[in-house]
Amino acid sequence: MGILMNRAELSIALKQFLPDSAVISEQEALHPYECDGLPAYKKMPLVAVLPQTIEQLQQVVQLCHQQAVPVVARGAATGLSGGALPLEKGLLLGLSRFNKILNINPLARTARVQPGVRNLAISEAAAKYGLYYAPDPSSQIACTIGGNVAENSGGVHCLKYGLTVHNVLELKVINPQGELLTIGSAALDSAGYDILALMNGSEGMLGIVVEILVKLLPCPERAQVLLAAFDDVEKAADSVGEIIAAGIIPAGLEMMDALAIQAAEDFVHAGYPRDANAILLCEVDGTNEEVSEHSKKIYDLLLSCGATEVRTARDEAERLRFWQGRKSAFPAVGRMSPDYYCMDGTVPRKKLAQVLTRISQLSQYYQLPVANVFHAGDGNLHPLILYDANQPGELKRAEDFGAEILELSVQVGGTITGEHGVGHEKIHQMCVQFSEPELEQFRALKLAFDPHSLLNLGKAIPQPRSCSEYKLIGSCSHNTSGHQHRGHG
């Protein structure tokens, strides 16, 4: 291993095999790379590069390995956990130029794509064959498939069709030494350990994905959305479990509270009832007969669970409007406050009502409003904590509030992330969810792939000292009789 290079030395070395335009080292030009979709955390990389071929990527990684330069890979930078936060003494590896759909095989129902391809672009390209790519994060118009693999993203339809890991067949990956590996295969199964599943959700810490083979599904014969309004958030939450218990797995089952409803309606005019305290959007798809039968059962069930109103989308245009409101919820809420902090805990469905009640109590304690919008079917919560970073102390309060939501998720049997990843943001809560022996296995796995810890250093897996210091500060849980406060930093 070499001695860490400075900016000028690294730039000169990179320009030996990259065009000058692909190497970004001027301070001003580096500003767009200082954060991802979590702008509360910013760092300036030493150098950013934008290679265009796999061979160039390998040369970049080989140079960084030889010279002990840390590497952070970045796609569209829409991530919300600081997973693409650069390192001040490291290289930022941009994959935005790897944006080609290499092949669509309608007979095999697969698409081979580069990591910089937008999620939605896959379905758009496959539509002429009557196919689509199922995982659909709310940011699908902008987020890239490489980032989806890194975070194991889900989306509105993950309840029925699974997360990214369930829809990827094969990956081509550059390891930290610069070697090109093929993981998985186009077949239904492949021999050896399931490293393919391991790579999904590995947050760029084990290798750099350069090519992805995804499964495509036939477009359903029919899809129908029901919108149910409730005067009580708990009733809406309880009805989620009732739908699943009835033996129906909707294609999508989403929930929004009053604040999120108002924001979305003001933004896209989706036709949501403004006087509701919560709404559920429930989509069923399949054959005409199947959709008709399930829609009727769900309609009756929602009314029996206390819905004040249940609507069925009158046509395809209204169905798409209902979903546009949900998928636009994040930018819609952004119009209500200078800043918001998006959380990503996941809880058992039967705990939804309990957790939402607790979040409401915490909102009052921290004196920060919360808009709740989430994938109710799989319990993946996305509370949006509204704050103003220009007001002293508000960002810290928002972070502490978010930490409590994550730890609450663990307490009720859930997890600290559903699809946004751990990144930089949730690294302390890893100490809460996992024991030290469990974390040590994660560290050992990281070192097996990356013995010099050069890929996405400092993300996702906390070091022992970090956990010890965090736990010494004490529990951040509190009750109505008192409060013990834990800092988020």
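Look up a bit, the structure's there.
Remember, it's a predicted structure, so these values are computed and weren't measured experimentally.

Asks: Mind laying out the sheet that holds strand β2 (residues 47–49), listing which residues take part and the relevant values?
Replies: The mixed open sheet is built from four strands, whose spatial order is β1-β2-β4-β3. A single partner strand is all that each edge strand has here, and the edge strands are β1 (23–24) and β3 (71–74). When β3 meets strand β4 (residues 91–94), the two strands line up parallel, connected through four bridges. Paired with Arg74 across the two strands is Gly94, which belongs to β4. Each of β1, β2 and β4 touches helix α1 (residues 7–14); the most contacted strand, β2, lies at about 20° to it. Docked against the sheet, helix α3 (residues 54–67) engages β2, β3 and β4, running at close to 165° with respect to β4.

Asks: I'd like a description of the state of the cysteines, backed by residues and values.
Replies: As enumerated under the stated definition, the model contains one disulfide in all. Cys143 provides the cysteine sulfur closest to Cys158, a residue in no disulfide bond, and the two sulfurs are 13 Å apart.

Asks: I'd love a proper account of a negative patch on the surface, names of residues and values included.
Replies: Taken together, the side chains of Asp232, Glu234, Asp238 and Glu242 make up a negatively charged region of the molecular surface. Among the structural elements, Asp238 can be located in helix α8 (residues 233–245). Given the relative accessible area of 45%, Asp238 is considered partly exposed.

Asks: Mind laying out the pairing of strand β6 (residues 110–113), listing which residues take part and the relevant values?
Replies: With four bridges joining them, strand β5 (residues 101–105) and β6 adopt antiparallel strand pairing. In the strand pairing of β6, Ile101 is matched with Val113. The antiparallel hairpin formed by β5 and β6 contains four residues in its connecting segment, where Arg109 sits at a positive phi of about 55°. Relative to strand β10 (residues 208–215), β6 is paired through four bridges, and the arrangement is antiparallel. Bridging across to β10, Ala111 finds its partner in Val214.

Rules behind the numbers
Residues numbered from 1 in each chain as written. Predicted model: local features only at pLDDT ≥ 70, side-chain atom pairs only at ≥ 80, totals over all residues. Heavy atoms only, no water. Pairing = 2+ DSSP bridges. Helix = DSSP H or I, 4+ residues; strand = E, 2+ residues; numbered from the N terminus. Contact = heavy atoms within 4.5 Å. Axes fitted to C-alpha atoms, helices over the stretch in contact; angles between N-to-C directions. Disulfide = S-S within 2.5 Å. Patch = residues over 30% accessible without salt bridge, like charges linked within 9 Å, V, L, I, M, F, W, Y side chains within 5 Å. Areas by Shrake-Rupley, 256 points an atom, 1.4 Å probe, with all protein chains shown as cover. Salt bridge = Lys/Arg side-chain N within 4 Å of Asp/Glu carboxyl O. Lys, Arg positive; Asp, Glu negative; His and termini not counted. Charge placed at Lys NZ, Arg CZ, Asp CG, Glu CD. Buried < 20%, exposed > 50% of the residue type's maximum accessible area, 1.4 Å probe, protein only.

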